[in-house]
Amino acid sequence: MLFVLVLAAIAILAGVVVVAMGWGGELKEFAPDVPPLNLPEAGQLGAADFMALQLPVSLVGYHTHNVDETLNRVMNALSERDTRIAVLEQRVAELLAGRLQARQEIHAGPLGAPRTEHEPEPPAEPAELSEVSEAPPPSLVAPDGHDADDSESGRPGLADPEQAR
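Residues numbered from 1 in each chain as written. Predicted model: local features only at pLDDT ≥ 70, side-chain atom pairs only at ≥ 80, totals over all residues. Heavy atoms only, no water.

(A) Layout of the overall build of the chain. The number of helices and strands found in the chain is three helices and two strands. When the helices and strands of the chain are read in sequence order from the N terminus, they spell out α-α-β-β-α. When the 165 residues of the chain are sorted by exposure, 8% land in the buried category. In the chain, the share of contacts with a sequence separation of at least 24, taken over all contacts with a separation of at least 6, comes to 38%. When the accessible surface of the chain is split by element, carbon and sulfur atoms take 61% of a total near 15300 Å². (Helix = DSSP H or I, 4+ residues; strand = E, 2+ residues; numbered from the N terminus. Buried < 20%, exposed > 50% of the residue type's maximum accessible area, 1.4 Å probe, protein only. Contact = heavy atoms within 4.5 Å. Areas by Shrake-Rupley, 256 points an atom, 1.4 Å probe, with all protein chains shown as cover.)

Okay, here's the thing in structure tokens:
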């Protein structure tokens, strides 16, 4: 009896070595037990696809491989959609900024005369005192024909000292 057990152990050990070395042939590839997921590519994935999705159930719950594949497709679809939304929002912001700037340029227009770097010239000097006549202006002449200079007040144009106050 002992001899039969040793012989069986050697046969099993030899079979394992032969299969491990690759001489035992290949195992046949079996078809999966679950149908493939009917989901479109990430760019075409929509809400209706998720509503129609039925994940296959196994003995202890959902098939891990199918759930992982579905979640990866959803992740890719959402990231592509988020990227596209961000690009479109950036374009809208650029267009709005361009329109606002164009509107400001249209309404601003020229504000006034252009500024120059040189200082404006002061007005011309009045004529020299020697060119001015010595006669007093008519507003300073008193009604009696005399100059309005009053020696008492010391001010020209004031005939009455009461006006000086």
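(B) View of helix 1 (residues 2-20). End to end, helix 1 covers 27 Å across 19 residues, agreeing with the expected 27 Å (1.5 Å per residue, within 8%). Across the 19 residues of helix 1, zero count as buried, placing the element largely on the outside. Glycine 22 sits one or two positions beyond helix 1 and adopts a positive phi of about 95°. (Expected span 1.5 Å × (residues − 1).)

(C) Structural detail: the pattern of salt bridges. Evaluation of the coordinates by the stated rule reveals one salt bridge. The salt bridge partner of glutamate 69 is arginine 73, with a shortest N-O separation of 3.2 Å. Of this pair, glutamate 69 and arginine 73 are both found in helix 3 (residues 64-108), four residues apart, which corresponds to roughly one turn of the helix. Glutamate 69 sits in the partly exposed class, given a relative accessible area of 26%. For arginine 73, a relative accessible area of 23% translates into the label partly exposed. (Salt bridge = Lys/Arg side-chain N within 4 Å of Asp/Glu carboxyl O.)

(D) The side chain of asparagine 66, seen in detail. Relative to the assigned elements, asparagine 66 resides in helix 3. Residues within four places of asparagine 66 in sequence aside, it is in contact with Val34, Pro35, Leu37, Leu55 and Pro56.

(E) Quick look at the confidence of the model for the chain. Of the residues in the chain, 67% have a pLDDT of 70 or more, and the chain-wide mean is 75. Across the chain, helix 1 holds the top mean pLDDT of 92, while helix 2 (residues 47-52) sits lowest at 77. (pLDDT = per-residue confidence, 0-100.)

(F) Inspection of the side chain of threonine 70 at higher detail. For threonine 70, the location among the structural elements is in helix 3. Look at threonine 70 and you get buried, because its relative accessible area is 6%. Among the polar contacts made by the side chain of threonine 70, one reaches the main-chain carbonyl oxygen of asparagine 66 at a distance of 2.8 Å. For threonine 70, the residues in contact, after removing those within four places along its chain, are Leu37, Leu39, Leu53 and Leu55. (Polar contact = N/O pair within 3.5 Å; in protein donor to acceptor, adjacent residues only side chain to side chain.)

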